[in-house]
Amino acid sequence: MVNETNLTKFFNASVKETDPEVSSIIKSEIKRMAEGLEMIPSENVVSLSVLNALGSVFTNKYSEGYPHKRYYGGNENADSVESLAIERAKKLFGVPHVNVQPYSGSPANLAAYFAVCEPGDTVMGLNLPDGGHLTHGWKVNFSAKYYKSVPYHVKPDGYIDLDEVKKLALENKPKLIWCGATAYVREFPFEELGQIADEVGAYFAADIAHVAGLIVGGAHKSPVSHAHIVTTTTHKTLRGPRGAMIMVTQKGLDKDAELAQKIDKAIFPGLQGGPHDHQTAAIAVALGEALKPEFADYAKQIVKNNITLGKTLMDNGIKLVTNGSDNHMQLIDLTQYGKGKGVFVQNALDAAHITVNKNTIPSDPSTPFYPSGIRLGTPAITSRGMKEMEVTLIGKWIAEIIKEIAPAYDLPEDKTKAQYIESVNPEIKQNAVVQRVKQNVMQLCSKFPLYATLDY
Ligand SMILES: Cc1ncc(COP(=O)(O)O)c(C=O)c1O
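Draft legend 1. Quick peek at the pairing of strand β12 (residues 329-333). In terms of burial, β12 is largely enclosed, as 5 of its 5 residues are buried. The two faces of β12 match: M329, L331 and D333 on one face and Q330 and I332 on the other face are all buried. Judged from the 2 bridges that link them, strand β11 (residues 319-320) and β12 form a sheet pairing that is antiparallel. Across the sheet, residue K319 finds its bridge partner in β12, namely D333. Bridge count between β12 and strand β15 (residues 373-377): 5 bridges; the pairing is antiparallel.

Draft legend 2. Structural view of the domain arrangement of the chain. Taken as a whole, the chain is organised into domain 1 (54-290) and domain 2 (295-446). Taken over C-alpha atoms, the centre of domain 1 sits 29 Å from the centre of domain 2. In this assembly, 24 residues from domain 1 lie in contact with 25 residues from domain 2. Looking at the side of domain 1 that touches domain 2, the elements that each hand over two or more residues are α10 (212-216) and α13 (277-290). When residues of the side of domain 1 that touches domain 2 are assigned to their parent elements, the largest contribution, 3 residues, is made by α10. Residue classes in the side of domain 1 that touches domain 2 are distributed as 11 nonpolar, 6 polar and 7 charged.

Draft legend 3. Summary view of the site of the ligand. Residues in contact with the ligand amount to 14 residues; listed here are only the nearest, S104, G105, S106, T182 and A209. Among the elements that line the shell around the ligand, the one with the most residues is helix α6 (residues 105-116), at 3 residues. Each residue belonging to the shell around the ligand can be placed in one class, and the counts come to 2 nonpolar, 11 polar and 1 charged.

Draft legend 4. Region of the structure containing the nonpolar core. Core analysis: the largest hydrophobic core is formed by 130 residues, its most contacted members being I177, V345, A348 and I401. At 8 residues, α13 tops the list of elements feeding residues into this core. Shared between two domains, this core holds at least three residues of each, these being domain 1 (54-290) and domain 2 (295-446).

Draft legend 5. Expanded view of the packing of helix α14 (residues 293-315) against helix α17 (residues 388-405). Where α14 contacts α17, the two axes come as close as 8 Å, and the packing angle between them is 35 degrees. Crossing angle aside, the handedness with which α14 passes α17 is right-handed. Contact residues: α14 offers K304, N305, T308, L309, T312 and L313, while α17 offers E388, V391, T392, G395, K396, I398 and A399. Among the residues forming the contact of α14 with α17, the class breakdown is 5 nonpolar, 5 polar and 3 charged.

Draft legend 6. Representation of the sheet that holds strand β14 (residues 357-359) within the structure. What the 4 strands build is an open sheet, ordered β11-β12-β15-β14; its pairing is antiparallel. Two strands in the sheet have a free side with no partner beyond their single neighbour: β11 and β14. Where helix α15 (residues 342-351) meets the sheet, its contacts fall on β14 and β15, and the angle it forms with β14 comes to roughly 170 degrees.

Draft legend 7. Broad picture of the environment of A418. By secondary structure assignment, the location of A418 is in helix α18 (residues 417-430). A count of 12 C-beta atoms within 10 Å places A418 in the exposed class. As for A418 and F268, which are separated by 150 residues in sequence, their C-alpha atoms are 42 Å apart.

Draft legend 8. How the structure looks around the sheet that holds strand β5 (residues 122-124). Taking strand neighbours across the sheet as the criterion, the 7 strands line up as β4-β10-β9-β8-β7-β5-β6 in an open arrangement whose pairing is mixed. Across the chains shown, the open sheet's two edge strands, defined by having one partner strand only, are β4 (97-99) and β6 (148-149). In this sheet, strand β10 (residues 244-248) lies alongside strand β9 (residues 229-233) in antiparallel orientation, the contact comprising 5 bridges. Bridging across to β10, V230 finds its partner in M247.

Draft legend 9. Fine view of the environment of G180. Positionally, G180 belongs in the loop between β7 (176-179) and α9 (190-200). G180 gets classed as buried once you count the C-beta atoms within 10 Å, which come to 29. Separated by 200 residues in the primary sequence, G180 and A380 place their C-alpha atoms 21 Å from one another. Ignoring any residue separated from it by four or fewer positions in sequence, one finds G180 in contact with H133, H136, A206, D207, I208 and A209.

Draft legend 10. Representation of unusual backbone geometry. Cis geometry marks the peptide bond from F268 to P269, where omega comes out at 10 degrees. With respect to the helices and strands, P269 occurs in helix α12 (residues 259-271). Phi is positive for N323, which is not a glycine, with a value near 55 degrees. Although it is not a glycine, S363 adopts a positive phi angle of roughly 55 degrees. Relative to the elements of secondary structure, S363 occurs in the loop between β14 and β15. Residue classification places S363 among the partly exposed residues on the basis of 15 C-beta atoms within 10 Å.

Draft legend 11. Structural detail: helix α8 (residues 162-172). Every buried residue belonging to α8 is among V165, L168 and A169, and all of these are buried. For α8, the buried positions fall inside an angular range of 100 degrees around the axis, keeping them on one side. Exposed positions of α8 whose direction lies more than 90 degrees from the buried face are D163, L170 and E171. The elements touched by buried residues of α8 are β5, β7 and α9. Downstream of α8 by one or two residues, K173 has phi in the positive range, about 45 degrees.

Draft legend 12. Spatial organisation of the packing of α17 against helix α19 (residues 432-446). At a minimum axis distance of 10 Å, the contact between α17 and α19 shows a crossing angle of 165 degrees. Here α19 runs roughly antiparallel to α17, going by the angle between their axes. Considering only the axes of α17 and α19, their crossing is left-handed. Counted together, E390, L393, W397, E400, I401 and E404 of α17 and V433, V434, V437, N440, V441 and L444 of α19 form the full contact between these two elements. Of the residues contributing to the contact of α17 with α19, the split by class is 8 nonpolar, 1 polar and 3 charged.

What counts and what doesn't
Residues numbered from 1 in each chain as written. Predicted model: local features only at pLDDT ≥ 70, side-chain atom pairs only at ≥ 80, totals over all residues. Buried ≥ 20, exposed ≤ 12 C-beta atoms within 10 Å, placed from the backbone. Helix = DSSP H or I, 4+ residues; strand = E, 2+ residues; numbered from the N terminus. Pairing = 2+ DSSP bridges. Domains from an automatic or database assignment. Contact = placed C-beta atoms within 7 Å. Nonpolar A, V, L, I, M, F, W, Y, C, P; charged D, E, K, R; others polar. Near = placed C-beta within 6 Å. Core = buried A, V, L, I, M, F, W, Y, C linked by C-beta atoms within 7 Å. Axes fitted to C-alpha atoms, helices over the stretch in contact; angles between N-to-C directions. Left-handed = near helix turned anticlockwise from the far one by under 90°. Arc of directions from axis to C-beta. Parallel < 35°, antiparallel > 145°, perpendicular 65-115°, else oblique.

Written out as C-alpha coordinates, the structure reads:
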(Lines give C-alpha, C1' and ligand atoms only; values in the text may rest on other atoms or scores of the structure.)
Protein backbone atom coordinates (compact mmCIF):
# COMPACT_ATOMS: atom_id res chain seq x y z
CA MET A 1 0.00 0.00 0.00
CA VAL A 2 1.26 3.48 -0.86
CA ASN A 3 1.35 5.73 2.18
CA GLU A 4 3.19 8.98 2.67
CA THR A 5 6.29 7.32 4.09
CA ASN A 6 6.89 4.89 1.27
CA LEU A 7 5.97 7.55 -1.32
CA THR A 8 8.75 9.73 0.11
CA LYS A 9 11.09 6.76 0.06
CA PHE A 10 10.17 6.00 -3.55
CA PHE A 11 10.85 9.55 -4.68
CA ASN A 12 14.20 9.64 -2.97
CA ALA A 13 15.40 6.28 -4.22
CA SER A 14 17.67 5.75 -7.23
CA VAL A 15 16.84 3.68 -10.29
CA LYS A 16 19.12 1.01 -8.85
CA GLU A 17 16.73 0.61 -5.94
CA THR A 18 13.42 1.04 -7.76
CA ASP A 19 13.93 -0.56 -11.16
CA PRO A 20 16.51 -3.34 -11.39
CA GLU A 21 15.60 -4.07 -15.01
CA VAL A 22 16.40 -0.59 -16.30
CA SER A 23 19.31 -0.28 -13.89
CA SER A 24 20.87 -3.42 -15.31
CA ILE A 25 20.47 -2.21 -18.92
CA ILE A 26 22.11 1.14 -18.06
CA LYS A 27 24.95 -0.71 -16.32
CA SER A 28 25.47 -2.83 -19.44
CA GLU A 29 25.61 0.31 -21.57
CA ILE A 30 28.20 1.91 -19.28
CA LYS A 31 30.25 -1.30 -19.54
CA ARG A 32 29.91 -1.40 -23.35
CA MET A 33 31.11 2.19 -23.59
CA ALA A 34 33.93 1.70 -21.09
CA GLU A 35 35.25 -1.49 -22.67
CA GLY A 36 35.04 -0.33 -26.27
CA LEU A 37 36.20 2.39 -28.60
CA GLU A 38 33.34 4.63 -29.70
CA MET A 39 34.38 5.76 -33.16
CA ILE A 40 31.10 6.81 -34.74
CA PRO A 41 32.03 10.40 -35.65
CA SER A 42 28.65 11.86 -34.67
CA GLU A 43 29.01 10.54 -31.12
CA ASN A 44 30.95 11.72 -28.11
CA VAL A 45 31.11 11.23 -24.37
CA VAL A 46 29.81 14.06 -22.22
CA SER A 47 31.20 15.17 -18.88
CA LEU A 48 29.53 14.18 -15.62
CA SER A 49 28.43 17.82 -15.23
CA VAL A 50 26.52 17.64 -18.51
CA LEU A 51 24.96 14.36 -17.36
CA ASN A 52 24.05 15.89 -13.99
CA ALA A 53 22.32 18.86 -15.60
CA LEU A 54 20.52 16.60 -18.07
CA GLY A 55 19.22 14.48 -15.21
CA SER A 56 18.13 17.52 -13.22
CA VAL A 57 14.69 18.56 -11.96
CA PHE A 58 14.23 20.79 -15.01
CA THR A 59 12.76 17.70 -16.67
CA ASN A 60 9.64 18.42 -14.60
CA LYS A 61 8.98 21.87 -16.00
CA TYR A 62 6.87 23.26 -18.83
CA SER A 63 8.06 26.57 -20.32
CA GLU A 64 6.28 27.15 -23.62
CA GLY A 65 7.46 30.47 -25.03
CA TYR A 66 10.77 32.23 -24.57
CA PRO A 67 12.54 33.70 -21.49
CA HIS A 68 10.27 36.25 -19.75
CA LYS A 69 7.49 35.55 -22.31
CA ARG A 70 6.09 32.21 -21.13
CA TYR A 71 2.66 30.65 -21.19
CA TYR A 72 3.13 28.97 -17.78
CA GLY A 73 4.02 30.15 -14.31
CA GLY A 74 7.02 29.20 -12.21
CA ASN A 75 9.55 29.85 -14.93
CA GLU A 76 12.04 32.13 -13.22
CA ASN A 77 14.73 29.44 -13.12
CA ALA A 78 13.93 28.11 -16.59
CA ASP A 79 14.29 31.72 -17.82
CA SER A 80 17.69 31.99 -16.14
CA VAL A 81 19.04 28.77 -17.57
CA GLU A 82 17.78 29.41 -21.09
CA SER A 83 19.11 32.98 -21.05
CA LEU A 84 22.47 31.71 -19.82
CA ALA A 85 22.64 29.11 -22.62
CA ILE A 86 21.77 31.79 -25.19
CA GLU A 87 24.37 34.26 -23.88
CA ARG A 88 27.07 31.57 -23.84
CA ALA A 89 26.23 30.48 -27.39
CA LYS A 90 26.27 34.07 -28.67
CA LYS A 91 29.70 34.61 -27.15
CA LEU A 92 31.08 31.28 -28.33
CA PHE A 93 29.95 31.59 -31.95
CA GLY A 94 29.97 35.39 -32.27
CA VAL A 95 26.36 35.74 -33.42
CA PRO A 96 23.63 38.24 -32.46
CA HIS A 97 20.76 35.75 -32.08
CA VAL A 98 20.46 32.16 -30.85
CA ASN A 99 17.55 29.81 -30.29
CA VAL A 100 18.47 26.87 -28.03
CA GLN A 101 15.06 25.16 -28.05
CA PRO A 102 15.18 22.77 -31.04
CA TYR A 103 14.70 19.23 -29.75
CA SER A 104 17.41 17.97 -32.06
CA GLY A 105 19.23 18.67 -35.34
CA SER A 106 16.48 17.60 -37.73
CA PRO A 107 13.78 19.80 -36.10
CA ALA A 108 16.29 22.69 -36.12
CA ASN A 109 16.73 22.31 -39.86
CA LEU A 110 12.99 21.97 -40.39
CA ALA A 111 12.59 25.28 -38.55
CA ALA A 112 15.09 26.97 -40.88
CA TYR A 113 12.96 25.91 -43.89
CA PHE A 114 9.79 26.94 -42.11
CA ALA A 115 11.26 30.38 -41.39
CA VAL A 116 12.43 31.30 -44.88
CA CYS A 117 10.68 29.05 -47.43
CA GLU A 118 7.13 28.41 -48.63
CA PRO A 119 6.13 24.86 -49.58
CA GLY A 120 7.24 24.21 -53.15
CA ASP A 121 10.21 26.60 -53.03
CA THR A 122 13.47 25.33 -54.49
CA VAL A 123 16.23 24.36 -52.08
CA MET A 124 19.72 22.99 -52.59
CA GLY A 125 21.90 20.76 -50.41
CA LEU A 126 24.55 18.07 -50.70
CA ASN A 127 23.09 14.79 -52.01
CA LEU A 128 22.76 12.17 -49.23
CA PRO A 129 24.81 9.40 -50.88
CA ASP A 130 27.53 12.03 -51.41
CA GLY A 131 27.63 12.69 -47.67
CA GLY A 132 24.75 15.16 -47.22
CA HIS A 133 22.16 14.97 -44.46
CA LEU A 134 18.61 13.68 -44.89
CA THR A 135 17.19 17.11 -44.02
CA HIS A 136 19.13 18.85 -46.79
CA GLY A 137 16.75 17.60 -49.47
CA TRP A 138 16.91 13.79 -49.56
CA LYS A 139 13.97 12.31 -51.47
CA VAL A 140 12.22 10.49 -48.60
CA ASN A 141 12.58 13.39 -46.14
CA PHE A 142 10.18 16.32 -45.58
CA SER A 143 12.85 18.53 -47.13
CA ALA A 144 12.27 17.00 -50.56
CA LYS A 145 8.58 16.19 -50.13
CA TYR A 146 7.53 19.75 -49.26
CA TYR A 147 10.22 21.68 -51.15
CA LYS A 148 11.69 21.23 -54.62
CA SER A 149 15.07 19.72 -53.89
CA VAL A 150 17.92 20.22 -56.32
CA PRO A 151 20.83 18.26 -54.85
CA TYR A 152 24.46 19.03 -55.59
CA HIS A 153 27.26 16.47 -55.46
CA VAL A 154 30.91 15.81 -54.75
CA LYS A 155 33.39 15.39 -57.60
CA PRO A 156 35.00 11.98 -58.22
CA ASP A 157 37.87 13.14 -55.95
CA GLY A 158 35.40 13.48 -53.04
CA TYR A 159 35.43 17.30 -52.76
CA ILE A 160 32.21 19.38 -53.14
CA ASP A 161 31.71 20.28 -56.82
CA LEU A 162 31.51 24.08 -56.57
CA ASP A 163 31.16 24.49 -60.35
CA GLU A 164 28.09 22.28 -60.26
CA VAL A 165 26.66 24.20 -57.27
CA LYS A 166 27.03 27.47 -59.15
CA LYS A 167 25.53 26.09 -62.37
CA LEU A 168 22.55 24.57 -60.54
CA ALA A 169 22.01 27.70 -58.46
CA LEU A 170 21.98 29.96 -61.53
CA GLU A 171 19.60 27.59 -63.35
CA ASN A 172 17.21 26.92 -60.45
CA LYS A 173 17.32 30.14 -58.39
CA PRO A 174 16.90 28.39 -55.01
CA LYS A 175 15.41 30.14 -52.01
CA LEU A 176 17.77 28.36 -49.64
CA ILE A 177 21.20 26.71 -50.04
CA TRP A 178 22.59 24.37 -47.38
CA CYS A 179 26.19 23.62 -46.60
CA GLY A 180 26.87 20.81 -44.18
CA ALA A 181 27.14 17.06 -44.20
CA THR A 182 27.03 13.92 -42.25
CA ALA A 183 29.86 12.19 -44.11
CA TYR A 184 32.29 14.75 -45.55
CA VAL A 185 35.93 14.70 -44.58
CA ARG A 186 37.21 18.06 -45.80
CA GLU A 187 36.74 21.59 -44.49
CA PHE A 188 33.51 23.10 -45.83
CA PRO A 189 33.79 25.83 -48.50
CA PHE A 190 31.56 28.24 -46.58
CA GLU A 191 32.93 31.34 -48.27
CA GLU A 192 32.48 30.02 -51.83
CA LEU A 193 28.96 28.71 -51.16
CA GLY A 194 28.02 31.96 -49.42
CA GLN A 195 29.10 33.89 -52.51
CA ILE A 196 27.01 31.66 -54.78
CA ALA A 197 23.98 32.12 -52.49
CA ASP A 198 24.48 35.91 -52.57
CA GLU A 199 24.74 35.86 -56.35
CA VAL A 200 21.32 34.22 -56.71
CA GLY A 201 19.72 35.98 -53.73
CA ALA A 202 19.30 32.77 -51.71
CA TYR A 203 19.48 32.34 -47.98
CA PHE A 204 22.61 30.46 -47.05
CA ALA A 205 22.34 28.06 -44.10
CA ALA A 206 25.42 26.37 -42.67
CA ASP A 207 24.58 23.17 -40.80
CA ILE A 208 27.67 22.71 -38.66
CA ALA A 209 26.29 19.78 -36.65
CA HIS A 210 29.43 17.72 -37.11
CA VAL A 211 32.11 20.38 -36.88
CA ALA A 212 30.69 22.86 -34.33
CA GLY A 213 33.26 21.83 -31.73
CA LEU A 214 36.10 22.17 -34.22
CA ILE A 215 34.89 25.66 -35.15
CA VAL A 216 34.56 27.00 -31.61
CA GLY A 217 37.87 25.37 -30.71
CA GLY A 218 39.58 27.24 -33.56
CA ALA A 219 40.50 24.09 -35.52
CA HIS A 220 38.19 25.02 -38.43
CA LYS A 221 37.05 28.30 -39.96
CA SER A 222 33.68 29.65 -38.88
CA PRO A 223 30.80 30.10 -41.36
CA VAL A 224 29.38 33.03 -39.37
CA SER A 225 30.51 35.81 -41.71
CA HIS A 226 29.26 33.93 -44.81
CA ALA A 227 25.95 32.38 -43.73
CA HIS A 228 22.60 33.93 -42.81
CA ILE A 229 21.55 31.01 -40.63
CA VAL A 230 23.71 28.51 -38.76
CA THR A 231 22.21 25.33 -37.33
CA THR A 232 24.01 22.80 -35.20
CA THR A 233 23.41 19.80 -33.04
CA THR A 234 24.92 20.07 -29.58
CA HIS A 235 25.91 16.42 -29.12
CA LYS A 236 28.66 15.81 -31.63
CA THR A 237 32.07 17.51 -31.50
CA LEU A 238 30.49 20.21 -29.28
CA ARG A 239 30.23 17.48 -26.62
CA GLY A 240 26.92 18.42 -25.08
CA PRO A 241 23.61 16.61 -24.58
CA ARG A 242 21.48 15.64 -27.55
CA GLY A 243 19.91 18.86 -28.76
CA ALA A 244 20.38 21.65 -31.26
CA MET A 245 20.60 25.40 -31.75
CA ILE A 246 19.73 27.81 -34.54
CA MET A 247 21.77 30.95 -34.89
CA VAL A 248 21.09 34.04 -36.94
CA THR A 249 24.18 35.94 -38.05
CA GLN A 250 24.64 39.68 -38.56
CA LYS A 251 24.71 38.93 -42.30
CA GLY A 252 21.34 37.22 -41.82
CA LEU A 253 19.87 40.23 -40.02
CA ASP A 254 21.26 42.53 -42.74
CA LYS A 255 19.46 40.45 -45.39
CA ASP A 256 16.26 40.19 -43.40
CA ALA A 257 15.73 42.30 -40.27
CA GLU A 258 12.93 39.93 -39.20
CA LEU A 259 14.98 36.75 -39.53
CA ALA A 260 15.52 36.20 -35.79
CA GLN A 261 11.79 36.51 -35.08
CA LYS A 262 11.00 34.22 -38.03
CA ILE A 263 13.33 31.54 -36.65
CA ASP A 264 11.91 31.84 -33.13
CA LYS A 265 8.33 31.68 -34.43
CA ALA A 266 9.19 28.67 -36.59
CA ILE A 267 10.37 26.76 -33.50
CA PHE A 268 7.57 27.92 -31.22
CA PRO A 269 4.66 27.94 -31.94
CA GLY A 270 5.44 26.76 -35.50
CA LEU A 271 6.84 23.32 -34.83
CA GLN A 272 7.34 22.58 -31.17
CA GLY A 273 5.61 22.93 -27.85
CA GLY A 274 7.49 23.26 -24.58
CA PRO A 275 11.28 23.32 -24.67
CA HIS A 276 13.16 20.54 -22.85
CA ASP A 277 14.53 22.62 -20.00
CA HIS A 278 16.75 19.84 -18.67
CA GLN A 279 18.32 19.64 -22.12
CA THR A 280 18.75 23.42 -22.13
CA ALA A 281 20.48 23.27 -18.73
CA ALA A 282 22.85 20.62 -20.05
CA ILE A 283 23.50 22.67 -23.22
CA ALA A 284 24.39 25.63 -20.99
CA VAL A 285 26.91 23.45 -19.14
CA ALA A 286 28.42 22.14 -22.38
CA LEU A 287 28.72 25.66 -23.79
CA GLY A 288 30.41 26.73 -20.55
CA GLU A 289 32.92 23.91 -21.05
CA ALA A 290 33.46 24.91 -24.68
CA LEU A 291 34.23 28.49 -23.60
CA LYS A 292 37.19 27.28 -21.51
CA PRO A 293 40.67 27.43 -23.12
CA GLU A 294 41.09 23.63 -22.70
CA PHE A 295 38.34 23.09 -25.24
CA ALA A 296 40.54 24.54 -27.98
CA ASP A 297 43.19 21.94 -27.09
CA TYR A 298 40.53 19.25 -27.24
CA ALA A 299 39.26 20.39 -30.67
CA LYS A 300 42.77 20.50 -32.10
CA GLN A 301 43.60 17.09 -30.64
CA ILE A 302 40.51 15.58 -32.32
CA VAL A 303 41.89 16.68 -35.69
CA LYS A 304 45.47 15.61 -34.89
CA ASN A 305 44.20 12.20 -33.82
CA ASN A 306 42.13 11.89 -36.95
CA ILE A 307 45.02 12.80 -39.21
CA THR A 308 47.12 10.14 -37.46
CA LEU A 309 44.29 7.65 -37.89
CA GLY A 310 44.10 8.37 -41.63
CA LYS A 311 47.85 8.14 -42.11
CA THR A 312 48.05 4.84 -40.22
CA LEU A 313 45.21 3.34 -42.23
CA MET A 314 46.77 4.41 -45.54
CA ASP A 315 50.25 3.21 -44.48
CA ASN A 316 48.60 -0.15 -43.89
CA GLY A 317 47.02 -0.38 -47.34
CA ILE A 318 43.54 1.02 -46.64
CA LYS A 319 42.00 3.46 -49.15
CA LEU A 320 40.38 6.65 -47.89
CA VAL A 321 37.98 8.99 -49.66
CA THR A 322 40.03 12.10 -50.64
CA ASN A 323 43.13 10.29 -49.32
CA GLY A 324 42.70 11.66 -45.83
CA SER A 325 40.72 14.26 -43.96
CA ASP A 326 40.77 17.79 -42.48
CA ASN A 327 38.30 17.14 -39.71
CA HIS A 328 37.23 14.52 -37.16
CA MET A 329 36.21 11.69 -39.48
CA GLN A 330 37.55 9.36 -42.13
CA LEU A 331 35.62 7.61 -44.86
CA ILE A 332 37.15 4.27 -45.71
CA ASP A 333 36.65 3.13 -49.30
CA LEU A 334 36.39 -0.67 -49.32
CA THR A 335 35.84 -1.06 -53.07
CA GLN A 336 39.30 -2.57 -53.57
CA TYR A 337 37.75 -5.68 -51.96
CA GLY A 338 34.44 -5.56 -53.92
CA LYS A 339 31.11 -3.76 -53.44
CA GLY A 340 28.86 -3.60 -50.38
CA LYS A 341 31.56 -4.73 -47.94
CA GLY A 342 30.75 -2.15 -45.24
CA VAL A 343 28.39 -4.39 -43.30
CA PHE A 344 30.94 -7.19 -42.80
CA VAL A 345 33.63 -4.77 -41.64
CA GLN A 346 31.20 -2.96 -39.31
CA ASN A 347 30.14 -6.27 -37.76
CA ALA A 348 33.75 -7.45 -37.35
CA LEU A 349 34.82 -4.16 -35.75
CA ASP A 350 31.76 -4.31 -33.48
CA ALA A 351 32.84 -7.77 -32.34
CA ALA A 352 36.29 -6.32 -31.61
CA HIS A 353 34.68 -3.54 -29.50
CA ILE A 354 35.36 -0.82 -32.07
CA THR A 355 32.08 0.91 -32.93
CA VAL A 356 31.89 2.46 -36.40
CA ASN A 357 29.21 2.72 -39.06
CA LYS A 358 28.91 1.43 -42.59
CA ASN A 359 28.44 4.33 -44.98
CA THR A 360 28.12 5.16 -48.63
CA ILE A 361 31.16 6.58 -50.39
CA PRO A 362 31.00 8.93 -53.39
CA SER A 363 29.80 6.99 -56.50
CA ASP A 364 29.16 3.96 -54.31
CA PRO A 365 28.64 0.88 -56.53
CA SER A 366 26.26 -0.54 -53.89
CA THR A 367 23.21 0.82 -52.01
CA PRO A 368 22.83 3.10 -48.92
CA PHE A 369 21.69 0.06 -46.88
CA TYR A 370 24.61 -2.12 -48.03
CA PRO A 371 27.24 0.53 -48.72
CA SER A 372 30.89 0.08 -49.66
CA GLY A 373 32.44 2.31 -47.03
CA ILE A 374 33.03 2.79 -43.33
CA ARG A 375 32.71 6.11 -41.50
CA LEU A 376 34.71 6.50 -38.32
CA GLY A 377 36.24 9.28 -36.28
CA THR A 378 37.99 10.55 -33.20
CA PRO A 379 35.76 12.88 -31.08
CA ALA A 380 34.88 10.29 -28.39
CA ILE A 381 38.27 8.61 -28.07
CA THR A 382 39.87 12.08 -27.82
CA SER A 383 37.45 12.96 -25.01
CA ARG A 384 38.72 9.87 -23.23
CA GLY A 385 42.26 11.24 -23.40
CA MET A 386 43.67 9.11 -26.22
CA LYS A 387 46.38 10.70 -28.33
CA GLU A 388 48.50 9.89 -31.41
CA MET A 389 50.22 6.90 -29.77
CA GLU A 390 46.95 5.11 -29.00
CA VAL A 391 45.42 6.14 -32.32
CA THR A 392 48.32 4.58 -34.22
CA LEU A 393 47.63 1.26 -32.49
CA ILE A 394 43.91 1.55 -33.17
CA GLY A 395 44.52 2.36 -36.86
CA LYS A 396 46.69 -0.74 -37.25
CA TRP A 397 44.09 -2.97 -35.58
CA ILE A 398 41.33 -1.61 -37.82
CA ALA A 399 43.47 -2.19 -40.94
CA GLU A 400 44.19 -5.77 -39.83
CA ILE A 401 40.50 -6.51 -39.42
CA ILE A 402 39.58 -4.94 -42.76
CA LYS A 403 42.21 -6.98 -44.61
CA GLU A 404 41.08 -10.15 -42.84
CA ILE A 405 37.32 -9.73 -43.27
CA ALA A 406 36.57 -7.61 -46.36
CA PRO A 407 38.02 -10.02 -48.95
CA ALA A 408 36.49 -13.06 -47.20
CA TYR A 409 32.76 -12.32 -47.57
CA ASP A 410 30.68 -11.32 -50.60
CA LEU A 411 27.12 -10.00 -50.47
CA PRO A 412 24.73 -12.15 -52.50
CA GLU A 413 23.15 -10.28 -55.43
CA ASP A 414 19.64 -11.60 -54.66
CA LYS A 415 17.25 -11.09 -51.73
CA THR A 416 19.18 -13.37 -49.36
CA LYS A 417 21.57 -10.63 -48.21
CA ALA A 418 20.19 -10.31 -44.67
CA GLN A 419 20.17 -14.10 -44.14
CA TYR A 420 23.71 -14.43 -45.45
CA ILE A 421 24.98 -11.66 -43.15
CA GLU A 422 23.26 -13.32 -40.20
CA SER A 423 24.72 -16.70 -41.12
CA VAL A 424 28.35 -15.49 -41.27
CA ASN A 425 28.19 -13.31 -38.16
CA PRO A 426 29.12 -16.04 -35.63
CA GLU A 427 32.15 -16.96 -37.74
CA ILE A 428 33.20 -13.29 -37.99
CA LYS A 429 32.88 -12.91 -34.21
CA GLN A 430 35.08 -15.94 -33.60
CA ASN A 431 37.70 -14.96 -36.18
CA ALA A 432 41.17 -15.13 -34.57
CA VAL A 433 42.23 -11.64 -35.71
CA VAL A 434 38.94 -10.14 -34.48
CA GLN A 435 39.34 -11.89 -31.12
CA ARG A 436 42.96 -10.76 -30.72
CA VAL A 437 42.08 -7.13 -31.54
CA LYS A 438 39.17 -7.30 -29.08
CA GLN A 439 41.59 -8.28 -26.28
CA ASN A 440 43.94 -5.44 -27.25
CA VAL A 441 41.07 -2.94 -27.36
CA MET A 442 39.80 -3.97 -23.93
CA GLN A 443 43.27 -3.66 -22.48
CA LEU A 444 43.71 -0.19 -24.00
CA CYS A 445 40.29 0.93 -22.76
CA SER A 446 41.10 -0.16 -19.21
CA LYS A 447 43.81 2.53 -19.19
CA PHE A 448 41.25 5.22 -20.07
CA PRO A 449 38.40 4.57 -17.62
CA LEU A 450 35.01 6.03 -18.43
CA TYR A 451 32.31 7.06 -15.96
CA ALA A 452 34.00 4.94 -13.31
CA THR A 453 32.14 6.74 -10.51
CA LEU A 454 28.67 6.35 -12.00
CA ASP A 455 26.53 4.06 -9.89
CA TYR A 456 23.30 2.73 -11.36
C1 LIG B 1 24.81 17.52 -40.66
C2 LIG B 1 23.71 17.03 -39.78
N3 LIG B 1 22.63 17.78 -39.61
C4 LIG B 1 21.61 17.40 -38.84
C5 LIG B 1 21.65 16.20 -38.18
C6 LIG B 1 20.42 15.77 -37.43
O7 LIG B 1 20.56 15.62 -36.11
P8 LIG B 1 19.54 14.75 -35.23
O9 LIG B 1 19.94 13.34 -35.44
O10 LIG B 1 19.81 15.29 -33.88
O11 LIG B 1 18.16 15.03 -35.71
C12 LIG B 1 22.77 15.37 -38.30
C13 LIG B 1 22.82 14.07 -37.59
O14 LIG B 1 23.55 13.21 -37.85
C15 LIG B 1 23.82 15.78 -39.14
O16 LIG B 1 24.90 15.03 -39.34
